[in-house]
Amino acid sequence: DRIRQGDEYYSQFNDEKALEEYLAAAQAEPENYEALWKTARAYFDMGDLMDPKDNSAKEKQRKLFNESFSYAKKAVRANPNDTWGHFFLSAAQGKYVLTQGKKDQVNASKTIKAEIEKAIELDPNNDLAYHALGIWHRTMADIGGAQRLLGGMIYGSIPKGTNEESERSLQKAITLKPDYTNHHLELGRTY
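Residues numbered from 1 in each chain as written. Predicted model: local features only at pLDDT ≥ 70, side-chain atom pairs only at ≥ 80, totals over all residues. Heavy atoms only, no water.

Student: Looking at this structure, how should I read helix α3 (residues 33-48)?
Tutor: Quick reminder: α-helices carry 3.6 residues per turn. Residues three or four places apart thus point the same way. With 16 residues, α3 extends 22 Å between its outermost C-alpha atoms, agreeing within 8% with the 22 Å of an ideal straight helix rising 1.5 Å per residue. Extensive coverage of α3 is indicated by the burial of 14 of its 16 residues. The opening residue of α3, the one whose side-chain oxygen lies 3.1 Å from the backbone nitrogen of E34, is N32. (Helix = DSSP H or I, 4+ residues; strand = E, 2+ residues; numbered from the N terminus. Expected span 1.5 Å × (residues − 1). Buried < 20%, exposed > 50% of the residue type's maximum accessible area, 1.4 Å probe, protein only. Polar contact = N/O pair within 3.5 Å; in protein donor to acceptor, adjacent residues only side chain to side chain.)

Okay, structure coming up:
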């Protein structure tokens, strides 16, 4: 019932109320996979809606992404064979490390990609996972030669991505869900 009520709030874009319901469900049943990944999603969405340029909100945003990451890890432990736990694990970690230093970002990049790929392996129709993979490839492709060389010397091996792979992944996301505007926006950024 709590998950159903959370879903109702989620469909109304009321992330705070949805989070309350999902948290209640997760506390009542700590191994309930659906409650765990939906709690991770609610924390993620709340953090994602905050303005990253607002310095007063940065710490709150970091905490929200950290909570999302924590619940996504619990979800993957509860059910390692479903796409959404892996997807939100990658998404939350990706957003969280953007609030950290470059070394943390480099170290997390391989794990983030592995979680995205696992989400796709578990559900080849997960348009959001292809979306995330497209952004990952573009982000890695944007690291220039000099930055890559210097960063590699300081932080260790930096994974490579290409804009061509970014384009392919985002095109796949669009094929799976053509009416989701953000897929088109990110493809435009890649172009």
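Student: In this structure, what is going on with the packing of aromatic side chains? I would like to understand it.
Tutor: Any aromatic ring pair is given by two values, namely how distant the centres are and how the planes are angled relative to each other. A full pass over the atoms with the stated rule returns eight aromatic pairs. Relative to F88, the ring of F87 lies with its centre 4.9 Å away and its plane at 80°, an arrangement referred to as edge-to-face. Grouped by ring-pair contacts, the aromatic residues W37, F44, F65, W84, F87 and F88 constitute a single cluster. Directly above the aromatic system of Y10 lies the positively charged group of R41, at a separation of 3.5 Å from the ring centroid. Over the aromatic face of Y71 sits the side chain of K74, whose NZ or CZ is 4.3 Å from the ring centroid. (Phe/Tyr/Trp six-rings, centres within 6.5 Å; stacked < 30°, edge-to-face > 60°. Lys NZ or Arg CZ within 6 Å of the ring centre and 35° of its normal.)

Student: Teacher, can you tell me more about unusual backbone geometry here?
Tutor: Glycine aside, residues mostly have negative phi angles, and peptide bonds mostly take the trans form. The backbone of F13 shows a phi angle near 60°, a positive value even though the residue is not glycine. Summarising the element assignment, F13 is placed in the loop between α1 (2-11) and α2 (15-28). What makes F13 exposed here is its relative accessible area of 74%.

Student: Please clarify how the confidence of the model for the protein chain should be interpreted in this entry.
Tutor: Per-residue confidence for the protein chain gives a mean pLDDT of 90, with 92% of residues at or over 70. The lowest-confidence element of the protein chain is helix α8 (residues 145-155), averaging 52 in pLDDT; the highest-confidence one is α1, averaging 98. (pLDDT = per-residue confidence, 0-100.)

Student: Can you help me understand the side chain of T83 in this one?
Tutor: Mapped onto the secondary structure, T83 falls in helix α5 (residues 83-97). Looking at T83, its side chain comes within polar contact range of the side chain of N126, at 2.8 Å. Each residue touching T83, except ones within four places of it in the same chain, is listed here: Y33, A119, L122, D123 and N126. (Contact = heavy atoms within 4.5 Å.)

Student: Looking at this structure, I do not really get the packing of helix α7 (residues 127-141) against helix α9 (residues 163-176). What am I missing?
Tutor: When two helices pack together, you describe them by how their axes are tilted relative to each other and by the distance separating the axes. Direction vectors running N to C along α7 and α9 enclose 165°, while the axes themselves pass 7 Å from each other. As the angle between them shows, α7 and α9 are arranged roughly antiparallel. Regarding α7 and α9, the two cross each other, and that crossing is left-handed. Only N163, E165, S166, S169, L170, K172, A173 and L176 of α9 make contact with α7, whose side of the interface consists of D127, Y130, H131, L133, G134, H137, R138 and A141. For the contact of α7 with α9, the per-class residue count stands at six nonpolar, six polar and four charged. (Axes fitted to C-alpha atoms, helices over the stretch in contact; angles between N-to-C directions. Parallel < 35°, antiparallel > 145°, perpendicular 65-115°, else oblique. Left-handed = near helix turned anticlockwise from the far one by under 90°. Nonpolar A, V, L, I, M, F, W, Y, C, P; charged D, E, K, R; others polar.)

Student: Would you explain the nonpolar core in this entry?
Tutor: If you look at soluble globular proteins, the nonpolar side chains tend to sit buried side by side. Counting 44 residues, the largest nonpolar core has Y71, F87, F88 and I116 as its most contacted members. For this core, the secondary structure elements donating two or more residues are α1, α2, α3, α4 (55-78), α5, α6 (102-122) and α7. Broken down by element, the residue count for this core peaks at nine residues, all from α3. Residues in contact with Y71, not counting those within four places in the same chain, are L23, A26, L36, T39, A40 and Y43. (Core = buried A, V, L, I, M, F, W, Y, C linked by side-chain atoms within 4.5 Å.)

Student: What's the story with the side chain of N126 in this structure? I'm lost.
Tutor: Position of N126 among the secondary structure elements: in the loop between α6 and α7. By relative accessible area, which is 1% here, N126 ends up buried. There is a polar contact of 3.0 Å between the side chain of N126 and the backbone nitrogen of A129. Contact partners of N126, with chain neighbours within four places excluded, come to T83, W84, F87, A119 and L176.

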